[in-house]
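Summary of the model geometry
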Amino acid sequence: MQVSSENQSDRQKILSDPKTRELLRRLIVEGKSLAPEVGGDGQIHYLAAEDVMGGSAATNVWIEQMVGSGLMKKTTYKELVTCPIHFRADPLIQLECLKCKARKMRKTALVEHLYCGYIDNDAKFDKGGFLVCPNCKRPIHKVEELRSSGVWYECQNCLTKTSLPKVVFTCRDGHEFNTADLRLAAAYTYIVDDSVVALLKNTLILAPAIASLLTGMGYSVVSPATMQGRSGTSHTLDVYASKGVADPNMAVTDVAIQISVDAVAVEPSAVISFFAKTYDLRPKLAILVTIPSASEAAKAINAGYGITLVEDSDGSGAVQKVKALLESADKPAPK
Ligand SMILES: [Zn+2]
Ligand SMILES: [Zn+2]
Ligand SMILES: [Zn+2]
């Protein structure tokens with residue numbers, strides 16, 4: 001599969017993997033990012049990727065490879081509290097009394113009656129379902145008559161009050177740790193790099209669309225195809241389709257199609273590399289789909305090569321253009 005130019009061979013190698021293509025297709029077509037989730041084992045998982053890659057170890061290797069090649073990038077991250085021993089990110093969190101160490105803290109909101117300035121625990125203002133100030137005894141009709149003045153925690157065991165109780169974490173593997181020993185683990189969200197989305201959108205979506213067009217026109221289609229040329233060298237094509245191979249009464253027609261997508265007009269290197277393949281494979285028709293266009297230099301170099309160039313600004317009209325080309329090629333030549 002060709003992305004922007006043939007010299008991006010490591011990217012090409014990565015993108016030739018069917019699982020990678022499928023996962024990228026899902027992320028791009030569904031516009032999703034790869035977001036971290038904490039699984040039942042307390043570890044960070046990327047479930048959308050594991051679904052395709054088949055496990056968390058394979059997923060982590062894959063993500064590293066994608067980031068390393070610039071196909072995906074890290075975006076946001078959150079620091080998750082994890083246990084320092086098992087690195088589990090799903091601890092149980094409790095508040096502990098600093099004095100008696102009981103874990104029976106009750107959270108209390110302090111409210112102020114604006115009319116008289118009296119401050120007390122919000123429960124004290126509740127008189128049988130009606131709000132009444134315990135100080136001035138006036139009924140309170142609107143929430144605006146009260147102002148929140150902070151929060152405290154009261155131990156149900158020794159009645160000690162504090163605004164900063166001790167936070168205790170219990171690892172689900174059965175031990176405790178506190179804010180001094182916890183470990184923070186960065187959990188990143190990954191996205192397909194913008195520069196790659198446009199390139200992949202066309203190759204991942206356009207090649208299958210052209211393949212199904214050709215199938216509908218009675219061709220037998222391989223996509224992507226690896227073909228051996230006359231020289232014995234193997235070549236890869238985005239789409240190869242043939243017709244009439246099994247029928248001795250029919251002339252054999254075949255077509256080789258390569259898709260070249262770039263941010264700017266496609267350079268001559270794409271034409272040259274496709275020509276090297278078609279010269280060796282000798283298909284009846286060789287089509288190079290260039291998105292958004294073929295550069296003037298690419299067109300000039302192609303003058304002697306005989307490749308049919310199809311240009312399409314965003315890829316959306318490319319299938320129709322290929323269809324029109326094939327239909328005119330299918331017609332018998334006028335006598
Ligand atoms: Zn643990
Ligand atoms: Zn009052
Ligand atoms: Zn206590």
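Section: the nonpolar core
With 50 residues, the main nonpolar core has Ile-210, Val-239, Ile-257, Ile-287, Leu-288 and Val-289 as its most contacted residues. The biggest single contributor to this core is helix H5 (residues 194–216), with 8 residues. Mapping this core onto the domain boundaries places at least three of its residues in each of domain 1 (33–90 + 176–191) and domain 3 (197–330). Residues in contact with Leu-288, not counting those within four places in the same chain, are Gln-258, Ser-260, Ala-270, Val-271, Phe-274, Ile-307 and Leu-309.

Quick word on the packing of helix H2 (residues 18–29) against H5
Put simply, H2 and H5 touch, their axes get as near as 10 Å, and they point 110 degrees apart. With respect to their mutual orientation, H2 and H5 come out roughly perpendicular. Handedness of the crossing formed by H2 with H5: left-handed. Here Arg-21, Leu-24, Arg-25 and Ile-28 of H2 lie close against H5, whose contacting residues are Val-197, Leu-200, Lys-201 and Leu-204. When its residues are assigned to classes, the contact of H2 with H5 shows 5 nonpolar, no polar and 3 charged.

Topic: unusual backbone geometry
Negative phi values dominate among residues other than glycine, just as trans dominates among peptide bonds. Cis geometry is adopted by the peptide bond preceding Pro-224, which originates at Ser-223 and carries an omega value of -10 degrees. Here Pro-224 lies in the loop between strand S14 (220–222) and strand S15 (225–228). Here the amide bond leading from Ile-291 into Pro-292 is cis, since omega sits at 5 degrees, within 30 degrees of zero. Secondary-structure assignment places Pro-292 in the loop between strand S19 (285–291) and helix H7 (296–302). Its identity as a non-glycine residue notwithstanding, Lys-137 has a phi of 65 degrees, on the positive side. With respect to the helices and strands, the residue Lys-137 is situated in the loop between strand S8 (130–131) and strand S9 (146–155).

A few points about the environment of Tyr-46
On the secondary structure map, Tyr-46 appears in the loop between strand S2 (44–45) and helix H3 (47–53). In this structure the C-alpha to C-alpha distance between Tyr-46 and Lys-323, which are 277 residues apart in sequence, comes to 40 Å.

Observations regarding the domain arrangement of the protein chain
One frequent convention defines the size of an interface as the accessible area lost when the parts assemble. Domain boundaries in the protein chain define domain 1 (33–90 + 176–191), domain 2 (92–171) and domain 3 (197–330). Tallying the contact residues gives 9 residues for domain 1 and 6 residues for domain 2. Per-element accounting of the side of domain 1 that touches domain 2 gives the leading share, 3 residues, to strand S12 (residues 175–178). Residues belonging to the side of domain 1 that touches domain 2 are distributed by class as follows: 4 nonpolar, 3 polar and 2 charged.

Examining the sheet that holds S9
Taken in spatial order, the 4 strands of this open sheet run S6-S5-S9-S10, and their pairing is antiparallel. Only two strands of the sheet have a single partner each, and these edge strands are strand S6 (119–121) and strand S10 (161–162). Pairing of strand S5 (residues 105–113) with S6 involves 3 bridges; the strand directions are antiparallel. Residue pairing in the sheet places Leu-110 in a bridge with Asn-121 of S6.

Brief notes about helix H8 (residues 318–330)
Helix length check: H8 (13 residues) gives 18 Å between terminal C-alpha atoms against 18 Å at 1.5 Å per residue, within 8%. Looking at the buried residues of H8, the elements they touch are H5, strand S18 (253–261), S19 and strand S20 (308–311).

Section: the pairing of S9
Here 8 bridges tie S5 to S9, and the two strands are oriented antiparallel to one another. By the bridge assignment, Val-111 is partnered in S9 with Ser-148. In this sheet, S10 lies alongside S9 in antiparallel orientation, the contact comprising 2 bridges. Across the sheet, Tyr-153 pairs through a bridge with Thr-162, a residue of S10. Taking the residues that link successive antiparallel strands as the turn, the S9-S10 hairpin has 5 residues, and the phi of Leu-159 there is positive, at about 65 degrees.

Describing the sheet that holds strand S11 (residues 166–171)
Taken together, the 3 strands give an open sheet; going across it, the order is S4-S11-S12, and neighbouring strands pair in antiparallel fashion. Of all the strands in the sheet, the pair left with one neighbour each is strand S4 (92–96) and S12. Strand-to-strand twist across the sheet, computed as the mean angle between neighbouring axes with direction ignored, equals 35 degrees. Relative to S12, S11 runs antiparallel, the two being bridged by 4 bridges. Each bridged residue has a counterpart across the sheet, and for Thr-170 the counterpart in S12 is Glu-176.

Rules of the game
Residues numbered from 1 in each chain as written. Chains lettered and ligands numbered in written order. Predicted model: local features only at pLDDT ≥ 70, side-chain atom pairs only at ≥ 80, totals over all residues. Core = buried A, V, L, I, M, F, W, Y, C linked by C-beta atoms within 7 Å. Buried ≥ 20, exposed ≤ 12 C-beta atoms within 10 Å, placed from the backbone. Helix = DSSP H or I, 4+ residues; strand = E, 2+ residues; numbered from the N terminus. Domains from an automatic or database assignment. Contact = placed C-beta atoms within 7 Å. Axes fitted to C-alpha atoms, helices over the stretch in contact; angles between N-to-C directions. Parallel < 35°, antiparallel > 145°, perpendicular 65-115°, else oblique. Left-handed = near helix turned anticlockwise from the far one by under 90°. Nonpolar A, V, L, I, M, F, W, Y, C, P; charged D, E, K, R; others polar. Pairing = 2+ DSSP bridges. Expected span 1.5 Å × (residues − 1).

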